[in-house]
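Letter by letter, the chains look like this.
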Amino acid sequence: MHRELTKGVYFVGVDDNHTELFENLWDIPFGVSYNSYLIVDEKIAVIEGVKGPWADEWLDNIRELVDPSKIDYIILNHMEPDHTGSLPDIAKIAPNAKLVYTQKASAMQKSFFDLDLDEIIAEDLQELSLGSKTLQFVHAKFLHWPETMMTYIKEDEILFSCDAFGAFGALNGLHFDDEINMEIIEWEAKRYVCTIITAYFKFVQAGIKKVKDLGIGIKMIAPSHGPIYRKDPMWIVNKYDEWSGPELEKVCTIVYGSMYGFTFRVAMNLKKELEKLDVTVKMFNISYTGLSRVITETVRAGVIVLGTPTYDAFPFPKIWNFANEIQGKRYPPRPIGILGTYGWQGGGVEKITKQLADARYEILEPIVHVKGRPTEEQSAQCKSLAKVIAERLK
Ligand SMILES: Cc1cc2nc3c(=O)[nH]c(=O)nc-3n(C[C@H](O)[C@H](O)[C@H](O)COP(=O)(O)O)c2cc1C
Ligand SMILES: [Fe+2]
Ligand SMILES: [Fe+2]
């Protein structure tokens, strides 16, 4: 099924309502879409492909409008296989099409697929005429891969922004921002950016600045996942700007794991002490709350507290994994509190503290470390830690 964006420009992407975990990591309860766009002018261009198993559906969408063998240009904003897995299929059908992408994307294409198609290397801001419509390519490196660019139709003022401004959630026939519940879009877009793009936030900021500095008109933003923004294209730009910006929220987010409730009791104690000091607290049990939500709720939290029991001399595995995400996703600097419990020798709190301190996060004192059940002494420590956190969030 296709949808018209404007005369000669069509959505020909597909919905994925089958994959449970995006990247085999992140839960997508509403699915995801792989957006592709067809431009029918004197020349025919397709922007982005789709994930491999959806190639037939994608080609059928294109066939509703044109014979795919007549495609002149295959424009690839980025080489990640959720958008390029279908390339070998189209290469067979359209042997005369030219690939249009950045130099880095060309090298990546050769190592991923080695397609027997001609190519055009799109330099930054280079233009390509399709007849009545002119495309312009805007390099956007590391948004979120090194070879990324965006594509702009000058006459129609549509920006095909690649993964930037994307969102989780299949479209199911509702392709535009004015057709979908914006509260769901907002959460799914935020969850997308926090799980997929956090490590590249400074490139998001650079990309937004670059597009704004170009001073081009933007009537529509058509990303490679999620809805197309035509009612208010700047809404999603401003949201991405806010989510990737330097401001942290005045909130303390406690993320804990607990097998039998000892660590939970300490975490609850800290939460109560924080609330006495009027600190906004969010608290998540890592075993019950999906990692994508935990990440989304912590990326901008002014203070994060990790709670872990010791598990075979190491941190609770899911908390250890979350600490790795903080480091791997290069969470912007902010103070981190640590609490934990152990039965005999400990090790969990020590290892997680060392890892995050080595990654240059400021670890707040006191570290609340309890052998066995929480006691009076531990309550006093929670009180001190709460005071320090309240001070830091002022
Ligand atoms: C499977 C398992 C492994 C554990 N490994 C250790 C360990 O290596 N060192 C230690 O001091 N305590 C160990 N403990 C004890 C727990 O760390 C301790 O009981 C802790 O307070 C449990 O907190 P929780 O109820 O919040 O999970 C282990 C407990 C379990 C169930
Ligand atoms: Fe991507
Ligand atoms: Fe993508």
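Not measured: the values here are computed from a predicted model. (Residues numbered from 1 in each chain as written. Chains lettered and ligands numbered in written order. Predicted model: local features only at pLDDT ≥ 70, side-chain atom pairs only at ≥ 80, totals over all residues. Heavy atoms only, no water.)

**Student:** Account for the coordination of the iron ion (ligand 3), naming residues and giving values.
**Tutor:** Those protein atoms acting as donors to the iron ion (ligand 3) are Asp82 (OD), His83 (NE2), Asp163 (OD) and His225 (NE2), and they sit at 2.1 to 2.4 Å. Around the iron ion (ligand 3), the four donor atoms sit at angles spanning 81 to 169°, and that spread fits a shape best called irregular. All donors to the iron ion (ligand 3) come from one chain, and their sequence spacing reads D-H-x79-D-x61-H. Here the iron ion (ligand 2) and the iron ion (ligand 3) are spaced 3.2 Å from one another, each receiving a donor from Asp163. (Donors = N, O, S within 2.8 Å, 3.2 Å for Na, K, Ca; no water. Tetrahedral: all angles 85-135°; square planar, octahedral: opposite > 155°, others 65-115°.)

**Student:** Tell me what's going on with the packing of aromatic side chains, and back it up with residues and numbers.
**Tutor:** Going through the model one piece at a time under the given rule, you end up with 17 aromatic pairs. Aromatic side chains Phe11 and Tyr37 sit 5.8 Å apart centroid to centroid with 80° between the ring planes, which places their arrangement in the edge-to-face category. One end of the pair, Phe11, is in strand β2 (residues 9-11); the other, Tyr37, is in strand β7 (residues 37-40), and 26 residues separate them in sequence. Members of the aromatic cluster, connected to one another through ring pairs, are Phe11, Tyr37 and Phe160. Directly above the ring of Tyr200 sits Arg330, whose terminal nitrogen or CZ lies 5.9 Å from the centroid. (Phe/Tyr/Trp six-rings, centres within 6.5 Å; stacked < 30°, edge-to-face > 60°. Helix = DSSP H or I, 4+ residues; strand = E, 2+ residues; numbered from the N terminus. Lys NZ or Arg CZ within 6 Å of the ring centre and 35° of its normal.)

**Student:** Break down unusual backbone geometry for me, citing the residues and quoting the values.
**Tutor:** For the bond from Leu143 to His144, the omega torsion is 5°, close enough to zero to count as cis. Residue placement: His144 occurs in the loop between β13 (134-139) and β14 (149-153). We note that Phe142 has phi near 60°; this positive angle belongs to a residue other than glycine. Tracing the chain through its elements places Phe142 in the loop between β13 and β14. Phi at Ala313 is positive, roughly 70°, even though this residue is not glycine. Checked against the element boundaries, Ala313 lands in the loop between β19 (301-311) and β20 (314-315).

**Student:** Give a description of the domain arrangement of the protein chain that names residues and reports values.
**Tutor:** Many structure descriptions define interface size as the accessible area lost when the parts assemble. Along its sequence, the protein chain is organised into domain 1 (3-244) and domain 2 (249-393). In this structure, domain 1 and domain 2 have C-alpha centres spaced 39 Å apart. Taken together, the contact pairs 14 residues of domain 1 with 14 residues of domain 2. Across the interface of domain 1 and domain 2, roughly 1,100 Å² is buried in total on both sides, 63% from carbon and sulfur atoms. Summed over the shared surface of domain 1 and domain 2, the number is five residue pairs in polar contact (both at pLDDT 80 or more). Contributions of two or more residues to the side of domain 1 that touches domain 2 are made by β5 (26-27), α5 (182-197) and α7 (233-244). Broken down by element, the residue count for the side of domain 1 that touches domain 2 peaks at five residues, all from α5. The residue inventory of the side of domain 1 that touches domain 2, partitioned by class, reads seven nonpolar, three polar and four charged. (Domains from an automatic or database assignment. Contact = heavy atoms within 4.5 Å. Buried area = accessible area lost by both parts, 1.4 Å probe. Polar contact = N/O pair within 3.5 Å; in protein donor to acceptor, adjacent residues only side chain to side chain. Nonpolar A, V, L, I, M, F, W, Y, C, P; charged D, E, K, R; others polar.)

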